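Reading the structure
Below, each chain spelled out in residue letters.
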Amino acid sequence: MTKQHANWSPYDNNGGSVVAIAGADYCVVAADTRMSTGYSILTRGYSKICKLADKSFMASSGFQADVKALQKHLSAKHLIYQHQHNKQMSCPAMAQLLSNTLYYKRFFPYYAFNVLGGLDNEGKGCVFTYDAVGSYERVGYSAQGSGSTLIMPFLDNQLKSPSPLLLPAVDAVTPLSEGEAIDLVKTVFASATERDIYTGDRLEIVVLNADGTRYEYMELRKD
Amino acid sequence: MGDSQYSFSLTTFSPSGKLVQIEHALTAVGSGQTSLGIKAANGVVIATEKKLPSILVDEASVQKIQCLTPNIGVVYSGMGPDFRVLVRKSRKQAVQYHQLYKEAIPVTQLVRETAAVMQEFTQSGGVRPFGVSLLVAGFDDSGPQLFQVDPSGSYFSWKASAMGKNVSNAKTFLEKRYTDEIELEDAVHTAILTLKEGFEGQISGKNIEIGIIGEDKIFRVLTPAEIEDYLAEVE
């Protein structure tokens, strides 16, 4: 008697890739805008990037319904924080909150693969990368989603991250300028679009620095 | 607690609009040993009498001033056992905050949550209000802060305050000697002099307790030897 398996899954994967790169005084968060299911495209213009706080942007690939719920949850928590503290949450604080929120659903996870990017309390760029259940680490750059296996090795090659096992801890923020980092992001997505069927259509880039926040867009291949 | 015979609130309004239990709690505080706090320009000092019921009591085992976090300390007037319960709860709240945000809890947030606990006990079934008033001293990104929390759950920020037996004399004394530019060292001397005003018997490093927090943002309780040094300077 073989075990009966569910013929319905609560999850779906809507595909897409997300990337974030931290600089000395800026942070770049980027994601493609294609939303898929199976081999079909649901829409070519869906934003995977969410502003959680003035200096915290989250980009998430995976199951967008769970992503939307996660974004709403964190935004609500941030609003309460603002009411109680009379100020915005710092990016490292948001990073810990996101980790706790994900682990809270350890046994029915948010199917979301997140990168959190922003500026820390000193104005330096920070990027936090997560798995679906909240394990996280502060890094200099990261990629998640369907194209991450294509993107990450290239970022490793270009940005030469020091080992997280080194003591004393070595700062991983890239010495690249803001413009160079944005060009790198555009290159990386153009390449990923070539070989990953779930990545493409348009690239949305969010750039955070001391002057504020800027949005940039670039067309990607639509096939 | 729901099924208990005492699932109604014991703290109820009197016709005059007062919560008599809270008034009585404040009386318990008012007959407790004097404690005080002074906020300086570069830190905060809190102090209290430590009168023990007998010379046989090991005074080193009695700690009336406690730290809630590395940068927040607290002293009380009133019932010691009630104080210990609040210290436990506050410490847990501070740790939970850190687990959520990986940041040290701001003084205002911890005071708010502690006050909320004290208020709960004025509106819950089968419990009585806490018989303590707290003076919370802390140093965070907003600078040095001093808060008083009452059994009702109301809290106030003070530049300098006193509680307990000698409160009116102590406050008058503090009003005269306080300046906005007072430095921590001066504040410690002023705290000792204020305690001395209402002190019965010979003041020494063993029958008062002093806690300070400076710009290093580390709260610590002074040793009896350090207190003796300050007392010598004050003489």
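Treat the numbers as computed from the prediction; the structure is a model and nothing was measured.

Tallying secondary structure elements over chain B gives six helices and ten strands in all. A globule of 235 residues ought to have a C-alpha radius of gyration of about 18 Å, and chain B, at 18 Å, matches this closely. Its C-alpha atoms give chain B principal-axis dimensions of about 60 × 45 × 35 Å. For chain B, buried positions account for 51% of its 235 residues. Pairs at least 24 residues apart make up 64% of the contacts formed inside chain B by residues separated by at least 6 positions. Surface exposure of chain B reaches about 11600 Å², of which carbon and sulfur atoms provide 53%.

Residue and element names in this part refer to chain A. Read across the sheet, five strands follow the order β10-β1-β2-β11-β12 without closing on themselves; strand pairing throughout is antiparallel. The sheet is open, and its two edges are formed by β10 (141-145) and β12 (212-219), each paired on a single side. Pairwise comparison of adjacent strand axes, ignoring direction, gives a mean angle of 15° for this sheet. The pairing of strand β1 (residues 17-22) with strand β2 (residues 26-32) spans five bridges and is classified as antiparallel.

Before going further, it helps to spend a moment on the nonpolar core. In globular proteins that are soluble, nonpolar side chains generally tend to be buried together. Leu70 and Leu116 of chain A together with Val132, Leu134 and Val136 of chain B are the most contacted members of the largest nonpolar core, which totals 45 residues. Sequence-distant contacts of leucine 116 of chain A, that is, excluding residues within four places in its chain, are made with Leu52, Ser56, Phe57, Met58, Cys91, Met94, Ala95, Cys126, Val127, Phe128 and Tyr130 of chain A.

This paragraph deals with the environment of valine 188 of chain B. All names here are of chain B. Residue position: valine 188 is located in helix α5 (residues 184-197). The sequence separation of valine 188 and glutamine 148 amounts to 40 residues, and the corresponding C-alpha distance is 18 Å. Setting aside residues no more than four positions away along its own chain, valine 188 makes contact with Val45, Ile210, Ile212 and Tyr230.

With ten residues of chain B at the contact, the number on the chain A side is twelve residues. Taking both sides of the interface into account, the surface hidden between chain B and chain A amounts to around 920 Å²; carbon and sulfur atoms contribute 44%. Counting the surface chain B buries against chain A, the share from its top three residues, Leu100, Tyr101 and Glu103 of chain B, is 52%. Counting the contacts that link chain B with chain A gives zero salt bridges. Counting across the interface, chain B meets chain A through six residue pairs in polar contact (both at pLDDT 80 or more). Counting residues per element, the ones that place at least two in the side of chain B that touches chain A are α2 (80-101) and α3 (107-120) of chain B. At five residues, α2 of chain B tops the list of elements feeding residues into the side of chain B that touches chain A.

Let us now look at a nonpolar patch on the surface. Residue and element names in this part refer to chain B. Together, Tyr6, Phe8 and Leu10 make up a nonpolar patch on the protein surface, roughly 320 Å² of accessible area in all. Its location among the elements puts phenylalanine 8 in the segment before α1 (20-30). Classification of phenylalanine 8 as partly exposed rests on a relative accessible area of 47%.

Residues and elements named next belong to chain A. Its 18 residues place the ends of helix α4 (residues 178-195) 27 Å apart at the C-alpha level, agreeing with the 26 Å of an ideal helix rising 1.5 Å per residue. Of the positions making up α4, those classed as buried are Ala181, Ile182, Leu184, Val185, Val188, Phe189, Ala192 and Thr193. End-on, the buried residues of α4 take up no more than an arc of 165°, which puts them together on one face. For α4, the secondary structure elements touched by its buried residues are β1, β2, α3 (148-159), β11 (202-209) and β12.

Moving on, we come to the packing of aromatic side chains. Residue and element names in this part refer to chain A. Counted by the stated rule, this structure contains twelve aromatic pairs over all chains. Seen from their ring centres, phenylalanine 128 and tyrosine 136 are 6.0 Å apart, and the 50° between their planes marks the pair as tilted. Look at phenylalanine 128 and you get buried, because its relative accessible area is 5%. Ring centres of tyrosine 130 and tyrosine 136 lie 5.3 Å apart, and the angle between their planes is 10°; on these two criteria the pair is classed as stacked. What makes tyrosine 136 partly exposed here is its relative accessible area of 21%. For the cation-ring pair, lysine 105 lies above phenylalanine 108, with the distance from its terminal atom to the ring centre recorded as 4.4 Å. Sitting over the face of the ring of tyrosine 110, lysine 105 holds its NZ or CZ atom 5.2 Å from the ring centroid.

Bringing the sheet that holds strand β6 (residues 56-62) of chain A into the picture now. Two strands in a sheet stick together by hydrogen bonds in their backbones, pointing the same way (parallel) or opposite ways (antiparallel). All names here are of chain A. The sheet built from five strands is open, its strands ordered β5-β6-β7-β8-β9 with antiparallel pairing. Two strands bound the open sheet, and with one partner strand each, they are β5 (49-53) and β9 (136-139). Adjacent strand axes in the sheet meet at a mean angle of 25°, parallel and antiparallel pairs treated alike. Pairing of strand β8 (residues 125-130) with β9, which is carried by four bridges, proceeds in the antiparallel orientation. Within the sheet, the bridge partner assigned to tyrosine 130 lies in β9 and is tyrosine 136.

Let us look at the confidence of the model for chain B. Averaged over every residue, the pLDDT of chain B is 94; residues scoring 70 or more account for 99%. Model confidence for the complex is summarised by a pTM of 0.86, with the ipTM given as 0.77.

Residue and element names in this part refer to chain B. The contact between α5 and helix α6 (residues 224-234) brings their axes to 10 Å, and the two run at 85°. In terms of their interaxial angle, α5 and α6 are classed as roughly perpendicular. Here α5 contributes Glu185, Val188, His189, Ile192 and Leu193 to the contact with α6, which in turn contributes Tyr230, Leu231, Glu233 and Val234. Looking at the contact of α5 with α6 residue by residue, the classes come out as six nonpolar, one polar and two charged.

Let us look at the layout of surface pockets. The volume enclosed by the largest pocket comes to roughly 550 Å³. As for the largest pocket, its lining consists of 27 residues, and the residues nearest its centre are Tyr81, Lys87 and Asn121 of chain A together with Glu103 and Asp141 of chain B. Where the lining of the largest pocket is concerned, the elements lending two or more residues are α1 (64-85) of chain A together with α3 and β5 (132-140) of chain B. Of the residues contributing to the lining of the largest pocket, the split by class is ten nonpolar, nine polar and eight charged.

Parameters at a glance
- Residues numbered from 1 in each chain as written.
- Chains lettered and ligands numbered in written order.
- Predicted model: local features only at pLDDT ≥ 70, side-chain atom pairs only at ≥ 80, totals over all residues.
- Heavy atoms only, no water.
- Helix = DSSP H or I, 4+ residues; strand = E, 2+ residues; numbered from the N terminus.
- Rg over C-alpha atoms; globule rule 2.2 N^0.38 Å.
- Buried < 20%, exposed > 50% of the residue type's maximum accessible area, 1.4 Å probe, protein only.
- Contact = heavy atoms within 4.5 Å.
- Areas by Shrake-Rupley, 256 points an atom, 1.4 Å probe, with all protein chains shown as cover.
- Pairing = 2+ DSSP bridges.
- Axes fitted to C-alpha atoms, helices over the stretch in contact; angles between N-to-C directions.
- Core = buried A, V, L, I, M, F, W, Y, C linked by side-chain atoms within 4.5 Å.
- Buried area = accessible area lost by both parts, 1.4 Å probe.
- Salt bridge = Lys/Arg side-chain N within 4 Å of Asp/Glu carboxyl O.
- Polar contact = N/O pair within 3.5 Å; in protein donor to acceptor, adjacent residues only side chain to side chain.
- Patch = residues over 30% accessible without salt bridge, like charges linked within 9 Å, V, L, I, M, F, W, Y side chains within 5 Å.
- Expected span 1.5 Å × (residues − 1).
- Arc of directions from axis to C-beta.
- Phe/Tyr/Trp six-rings, centres within 6.5 Å; stacked < 30°, edge-to-face > 60°.
- Lys NZ or Arg CZ within 6 Å of the ring centre and 35° of its normal.
- pLDDT = per-residue confidence, 0-100.
- Parallel < 35°, antiparallel > 145°, perpendicular 65-115°, else oblique.
- Nonpolar A, V, L, I, M, F, W, Y, C, P; charged D, E, K, R; others polar.
- 1 Å grid on protein atoms, 1.4 Å probe; cavity = no way out; pocket = protein on both sides within 12 Å on 5 of 7 lines; lining within 4 Å.
- Points joined across faces, edges and corners; volume = space filled by probe spheres on them.

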